Amino acid sequence: MVTQYGIKLAVHIITTHFGELVAKVCQCLLQKGTLTLGEIIRFSELTPQQVKNSLLVLIQHNCVQAFAIEQEGAFGEAPKVVTQYLLVFENIIHRMRFSKFLSTVSQELGKECEELLEGLLQHGRLTVEQVLSRATSNLNEGHSAVQDSVRKSFIRLASARYVERCPASEPFLALPTDEETPAKKRGPKSAKVAEVLETIEQRALAAAVPMEAKRFLIITNSRTNHGENSEQSTSTEKLGEKRKHDVLEVDRELGAKVCEKEVLWRPNFEEFLLRLRNEVCVANVRSRMDEGAAIVLRAMLEATRASQTTVKAENSAPLSLGTISEEVIKSPEGRSMTLERIKASLSQLGCKQSVDELYSIDLKSIIESAQNDEVESIVLKRYGREAYRMFRLLLKTCQLLETDKISDTTFVEKKDTAMILYKLWKDDYLIMEKLITQGPRQLQFLLWKVNKQTLWKHVLDEMYHAALNLTQRMAYELDQGREILQQAREKIVGESKKKFERLRKVRMLLESSLMKLDDAIMLFQDF
């Protein structure tokens, strides 16, 4: 369920990038959930053509997934198939992270791969032919030489899983069988509906994803890549083998042409989040432990990169001590580490060692530690050090504590303790329960606790609110300085130059603040 300010932030992003009509359809899907075309037209109060065009824009930029679902017909009627549209909220928020994704590819694969990814981020989805055409139009070098270079760079992007084939345009979901239908439970009707909708959304997204064997597959022309080897081998082949080889070559060339002209590709956001999650884990371990533990963790994450498929994985793939040591010494910082030092770092990291002496990292605990640190820093800045000590105590104990117990443990006056706890409760950072003793003299005790599930959702909504404020302020500042920005740089002098410098500094400050805030949003939304 998307929070209140999450919806407002997503709508603002779509409004800024695609205009108010598309944003209206986006808002409708965010507020109402998965809808048919007719329902979107009715709720948005737009014309059918406006809704269709808006949906096409959102689909093109990977923000909406269409799917066909089989529904039970009326009494005595056959089941019917309807097309519904699901808005992918996370992909809208990812639009704030494009600069991070480009930086990741630039550092790992180079400038040319970064430029290809930039084209995909701008256009949402493209064929290889369109990527090649876009790249050659920006360069003045030899056409065939540029195409070969660009094709190799695109293959590198796919091999690193930074780009993937687009999902199916409209996957089909059949009616669930008796085994797949969840058992009916007593409870509010709305809870049942929400549970079913969530299941349908998950099924639709899963059904749309291409099978793993095809997801990153690029079919290339073998003659183009290995022409010399082909010519040398065919001179010694028998006639029948040569004919068979020629047929295979024709099939491969045809497959390569179809792949380049018809198969659509898009950025693989999941892979970028995996890289960013790894960086967050390494940074958290470095700050809590030491550089040695961070080096070992980075080495283990690099060694298991191919097996990392989901951002929310609780543990890394198991590795032997020899493999970990071999990966550690690949980096300049790790070459000074002895085997004993590596073992000590593994123990420091709390690695789980299996019976066959394989080690794995508890990634979930590292992320939870980073989340705790983030919320504790918010409490410290907003409510002060005494509130920070109380909150940290409740966060660590994960149980109800009485006011006097909290006061004695944190060394804060009882009167101040009650006031601080009440303020935290009022702002939804704590939950409070009243305990009344039975007897001739009734006594009332206040018990306090941190509920992580509800608090994390509240903190994330606050972060969406802050991100919305920053993006709106940035848009306002740019709008106010539009005239100065449109002037030629050499013509900006005097008072205009002062305004330009102020605008530049404000923009840099707002952008850097938004980038840091987005790091925190990823911690609670994606990791």
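Above this text sits the structure in question.
Residues numbered from 1 in each chain as written. Predicted model: local features only at pLDDT ≥ 70, side-chain atom pairs only at ≥ 80, totals over all residues. Heavy atoms only, no water.

## Considerations on the overall build of the chain
Definition in use: Elements are defined by DSSP. Helices are runs of H or I of four residues or more, strands are runs of E of two residues or more, and each kind is numbered from the N terminus. We call a residue buried when its accessible area falls under 20% of the maximum for its residue type, exposed when it is over 50%, and partly exposed in between, using a 1.4 Å probe and counting protein chains only. Only heavy atoms enter the contact rule, under which two residues are in contact if any of them lie within 4.5 Å. Each accessible area value is a Shrake-Rupley result obtained with a 1.4 Å probe; residue values ignore everything except the protein chains displayed when judging cover.
A count of helices and strands for the chain gives 24 helices and 13 strands. Looking at the chain residue by residue over its 527 residues, the buried ones come to 42%. Excluding contacts between residues fewer than 6 apart, the proportion of contacts in the chain whose partners are at least 24 apart in sequence is 70%. Accessible area of the chain: about 30300 Å², with a carbon and sulfur share of 52%.

## Structural notes on unusual backbone geometry
In this structure, Cys398 is a non-glycine residue whose phi angle is positive, near 55 degrees. Tracing the sequence through the fold places Cys398 in the loop between helix H19 (385-397) and strand E11 (401-402). According to the relative accessible area criterion, Cys398 is partly exposed, its value standing at 45%. Even without being glycine, Phe411 reaches a positive phi, approximately 60 degrees. Counting through the fold element by element, Phe411 comes out in the loop between helix H20 (403-410) and helix H21 (414-426).

## Points about the sheet that holds strand E7 (residues 264-267)
Counted only if it meets this: Between any two strands, at least two bridges found by DSSP are needed for them to pair. The axes are straight lines fitted to the C-alpha atoms, using for helices just the contacting stretch, and the angles between their N-to-C directions are given from 0 to 180°.
Taken together, 3 strands build an open sheet; the order of strands is E4-E7-E5 and the sheet is antiparallel. Edge positions in the sheet fall to strand E4 (126-127) and strand E5 (163-165), since each of these pairs with one other strand and no more. Alignment of E5 against E7, held across 3 bridges, turns out to be antiparallel. Residue Glu164 lies in a different strand from E7, and its bridge partner there is Arg266. In this fold helix H7 (residues 111-123) packs onto E4, E5 and E7, with an angle of close to 100 degrees to the strand it touches most, E7.

## Side note on the sheet that holds strand E6 (residues 172-173)
Strands sit in the order E1-E3-E2-E6 across an open sheet of 4 strands; the sheet is mixed. If you trace the sheet from one side to the other, it starts and ends with strand E1 (35-36) and E6, each paired once. Across 8 bridges, strand E2 (residues 64-71) lies against strand E3 (residues 80-87) in antiparallel orientation. Paired with Gln65 across the bridge in E3 is Leu86.

## Some remarks on the packing of aromatic side chains
Formally: Only Phe, Tyr and Trp rings are paired, with Trp represented by its six-membered ring, and only when their centres lie within 6.5 Å; those with planes under 30 degrees apart are stacked, over 60 edge-to-face, the remainder tilted.
Counted under the stated rule, the structure contains 11 aromatic pairs. For the ring pair Phe101 and Phe269, a centre distance of 5.7 Å and an interplane angle of 35 degrees mean the geometry is tilted. Of this pair, Phe101 sits in helix H6 (residues 98-109) while Phe269 sits in helix H14 (residues 269-288), placing them 168 residues apart in sequence. Classification of Phe101 by relative accessible area gives buried; the value is 0%.

## Regarding the packing of helix H22 (residues 452-480) against helix H24 (residues 495-525)
For the record, the criterion: Roughly parallel means an angle under 35 degrees; roughly antiparallel, over 145; roughly perpendicular, 65 to 115; everything else is oblique. Handedness of a crossing follows from how the near helix is turned relative to the far one, being left-handed for an anticlockwise turn of less than a right angle and right-handed for a clockwise one. For this classification, the nonpolar set comprises Ala, Val, Leu, Ile, Met, Phe, Trp, Tyr, Cys and Pro, the charged set comprises Asp, Glu, Lys and Arg, and every other residue, Gly included, is treated as polar.
For the pair H22 and H24, interaxial distance at closest approach is 10 Å and the crossing angle is 160 degrees. In this view, H22 runs roughly antiparallel relative to H24, as classed from their interaxial angle. Crossing angle aside, the handedness with which H22 passes H24 is left-handed. Residue classes in the contact of H22 with H24 are distributed as 18 nonpolar, 3 polar and 5 charged.

## Side note on the pattern of salt bridges
The cut-off we apply is this: By salt bridge we mean one thing: a side-chain nitrogen of Lys or Arg within 4 Å of a carboxyl oxygen of Asp or Glu.
According to the stated counting rule, one finds 25 salt bridges in the structure shown. Residue Glu271 pairs with Arg305 through a salt bridge whose shortest N-O separation is 3.8 Å. You can see Glu271 sitting in helix H14 and its partner Arg305 sitting in the loop between helix H15 (291-303) and strand E8 (319-320), a full 34 residues away along the chain. The buried category is assigned to Glu271, whose relative accessible area is 2%. Its salt-bridge partner being Glu501, residue Arg504 comes within 2.9 Å of it at the nearest N-O pair. Of this pair, Arg504 and Glu501 both sit in helix H24, 3 residues apart, which is roughly one turn of the helix. Exposure remark for Arg504: the relative accessible area of 35% places this residue in the partly exposed category. In this structure Glu501 comes out as partly exposed when scored by relative accessible area, which is 25%. Residues participating in the shared-partner salt-bridge network are Arg97, Lys100, Asp518, Asp519 and Asp526.

## Looking at H20
Operational definition: The arc in question is traced by the directions running from the helix axis to the C-beta atoms. Pairing of N or O atoms within 3.5 Å defines a polar contact, subject to two protein rules: one partner must be a possible hydrogen donor and the other a possible acceptor, and residues neighboring in sequence count only if both atoms are side-chain atoms.
Along H20, the positions that sit buried rather than exposed are Thr403, Ile406, Ser407 and Thr410. End-on view of H20: buried residues confined to an arc of 100 degrees, all on one side of the axis. Looking at the buried side of H20, the elements it contacts are H19, E11, H21 and strand E13 (444-449). Its side-chain oxygen placed 2.9 Å from the backbone nitrogen of Asp404, Glu402 serves as the N-cap of H20. At the C-terminal side of H20, Phe411 shows a positive phi close to 60 degrees.

## Comments concerning helix H8 (residues 128-137)
Structurally, the α-helix is built with 3.6 residues per turn, so residues lying three or four positions apart point the same way. Of all the positions in H8, only Val128, Val131, Leu132, Ala135 and Thr136 are classed as buried. Angular distribution of buried residues about the axis of H8 spans 125 degrees; they occupy a single face of the element.

## Points about the pairing of E13
Relative to E13, E11 is paired through 2 bridges, and the arrangement is antiparallel. Along E13, the bridge assignment pairs Leu401 with Trp448. Here strand E12 (residues 431-436) pairs with E13 via 6 bridges, running antiparallel. Residue pairing in the sheet places Ile431 in a bridge with Lys449 of E13.

## Notes on the pairing of E2
Most of E2 is tucked away, with 6 of its 8 residues classed as buried. By the bridge criterion, 2 bridges tie E2 to E6 in an arrangement that is parallel. From the neighbouring strand, Ala68 faces E6, where its bridge partner is Phe172.

## Remarks on the environment of His17
Residue position: His17 is located in helix H1 (residues 4-18). Exposure remark for His17: the relative accessible area of 39% places this residue in the partly exposed category.

## A closer look at the packing of H15 against helix H16 (residues 321-328)
Where H15 contacts H16, the two axes come as close as 9 Å, and the packing angle between them is 105 degrees. Taken together, the axes of H15 and H16 lie roughly perpendicular to each other. Across from Ile295, Val296, Ala299, Met300, Glu302 and Ala303 in H15, the residues of H16 making contact are Ile324, Glu327 and Val328. Tallied by class, residues from the contact of H15 with H16 come to 7 nonpolar, no polar and 2 charged.

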